[in-house]
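Spelled out from the first residue to the last, the chains are:
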Amino acid sequence: MGKGILWEIRRKIQVIAYDITSPEFVSKIYFRHMMGYSLNLKDPKTFNEKIQWLKLYEWPYNKLAIRCGDKYTVRGYLEKKGLKDFLVDLIGVWESVEQIPWDKLPMQFAIKVTNGCGENLICSDKSKLNISKAKKQ
């Protein structure tokens, strides 16, 4: 369930780096670490380079991209486009962890933050779930 101490440390460093440098600099460092080659933002060629370019220069200013970046609000967009049948069932939407009716959730479920990554809770057996630990996550 937990991501581990190294993930937490890396995430904190990443947040600090964004505050004291630029998103481009952090993206280049992280890209090099993850992909093994330098990120070319001036003339992106690979799919991954193009995604980074979009992330930095297009999507922050594109209202549709912002809307579709949110796991919940994208559902309304997909429904308007006639794609409701492709959506997974939604158990509920809560503003805070205190609102989640843990006893009413099915034996298997996923809880996802709407606009982030790496913050999801995947529960394959509710009888083994440590709810207090899940709430902290």
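Above this note sits the structure.
Residues numbered from 1 in each chain as written. Predicted model: local features only at pLDDT ≥ 70, side-chain atom pairs only at ≥ 80, totals over all residues. Heavy atoms only, no water.

It is worth spelling out the nonpolar core at this point. Formed by Ile 100, Trp 102, Leu 105, Phe 109, Ile 111, Leu 121, Cys 123, Leu 129 and Ala 134, the largest nonpolar core amounts to nine residues. Mapped onto this core, the elements with two or more residues apiece are strand E1 (109-111) and strand E2 (121-123). (Core = buried A, V, L, I, M, F, W, Y, C linked by side-chain atoms within 4.5 Å. Buried < 20%, exposed > 50% of the residue type's maximum accessible area, 1.4 Å probe, protein only. Helix = DSSP H or I, 4+ residues; strand = E, 2+ residues; numbered from the N terminus.)

Further remarks concern helix H2 (residues 23-35). Between its first and last C-alpha atoms H2 spans 17 Å; for 13 residues at 1.5 Å apiece the expected length is 18 Å, and the two agree. Inspection of H2 places Val 26, Ser 27 and Phe 31 among the buried residues, and these make up the whole buried set. Down the axis of H2, the sector holding all buried residues measures 130°, keeping them to one side. Looking one or two residues beyond H2, the residue adopting positive phi is Gly 36, at roughly 85°. (Expected span 1.5 Å × (residues − 1). Arc of directions from axis to C-beta.)

Once that is clear, we can look at the packing of aromatic side chains. Taken as a whole, this structure holds two aromatic pairs when the rule is applied. The interplanar angle of 90° and the centroid separation of 5.1 Å between the aromatic rings of Phe 31 and Tyr 37 together place this pair among those described as edge-to-face. Residue Phe 31 is classed as buried on the basis of its relative accessible area of 5%. A centroid spacing of 5.5 Å and a plane angle of 55° characterise the contact between Trp 53 and Tyr 57, whose relative ring orientation is tilted. Of this pair, Trp 53 and Tyr 57 both sit in helix H3 (residues 47-58), four residues apart, which is roughly one turn of that helix. On the basis of relative accessibility, which here comes to 31%, the residue Trp 53 falls in the partly exposed class. (Phe/Tyr/Trp six-rings, centres within 6.5 Å; stacked < 30°, edge-to-face > 60°.)

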